[in-house]
Amino acid sequence: MVTLSLLTKEDLQDFKKELLQEITTLFENKGGTQKKWLRTSEVKKLLNVSSGTLQNHRINGTLTYKKLGGSLYYSYDEIQKLMQSE
């Protein structure tokens, strides 16, 4: 017999809050110092987003970046603000 569980919007919001709290705790408990600027691949892993989503954040101005040579760099502080606002 198959039982179905329905997820409500509130369930997802609670999960999001718990997940963000855990991520924040991981960053706070990290022994070393946090890099001030992160590369694209690091940001994608941290936010768990695709390249296209990250590009949309750049285009919309949600996430600012600096281009140095052929690489894009993102401010760690801005990434944290984005994570807390979502």
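Rules of the game
Residues numbered from 1 in each chain as written. Predicted model: local features only at pLDDT ≥ 70, side-chain atom pairs only at ≥ 80, totals over all residues. Heavy atoms only, no water. Phe/Tyr/Trp six-rings, centres within 6.5 Å; stacked < 30°, edge-to-face > 60°. Buried < 20%, exposed > 50% of the residue type's maximum accessible area, 1.4 Å probe, protein only. Lys NZ or Arg CZ within 6 Å of the ring centre and 35° of its normal. Pairing = 2+ DSSP bridges. Helix = DSSP H or I, 4+ residues; strand = E, 2+ residues; numbered from the N terminus. Contact = heavy atoms within 4.5 Å. Polar contact = N/O pair within 3.5 Å; in protein donor to acceptor, adjacent residues only side chain to side chain.

Caption draft 1: Main features of the packing of aromatic side chains. One pass over the full model with this rule turns up 1 aromatic pair. Consider the rings of Y65 and Y74, whose centres lie 6.3 Å apart with planes at 45 degrees: the pair is tilted. Here Y65 falls in the partly exposed class, since its relative accessible area comes to 39%. Between the NZ or CZ atom of R58 and the centre of the ring of Y65, over which it lies, the distance is 5.7 Å.

Caption draft 2: Spotlight on the pairing of strand 2 (residues 65–68). Across 4 bridges, strand 2 lies against strand 3 (residues 71–75) in antiparallel orientation. The residue bridging L68 from the neighbouring strand is S71, located in strand 3. If you look at the hairpin formed by strand 2 and strand 3, you'll find 2 residues sitting between the two strands, and G69 has a positive phi there, around 65 degrees.

Caption draft 3: Fine view of the environment of Y73. Position of Y73 among the secondary structure elements: in strand 3. Separated by 37 residues in the primary sequence, Y73 and K36 have C-alpha atoms spaced 9.6 Å apart. In contact with Y73, other than residues within four places in its own chain, are W37, L38, R39, Y65, K66 and L68.

Caption draft 4: Layout of the pairing of strand 3. Where burial is concerned, most of strand 3 is hidden: 4 out of the 5 residues are buried. Of the strand pairs in this sheet, strand 1 (residues 37–39) and strand 3 are connected by 3 bridges, and their pairing is antiparallel. Residue pairing for strand 3: L38 is matched across the bridge by Y74.

Caption draft 5: The side chain of S71, seen in detail. Considering the arrangement of structural elements, one finds S71 in strand 3. The class for S71 is buried, based on a relative accessible area of 17%. A distance of 2.8 Å separates polar atoms of two side chains, one belonging to S71 and the other to R39. If we ignore the near neighbours within four places in the chain, the residues touching S71 are R39 and K66.

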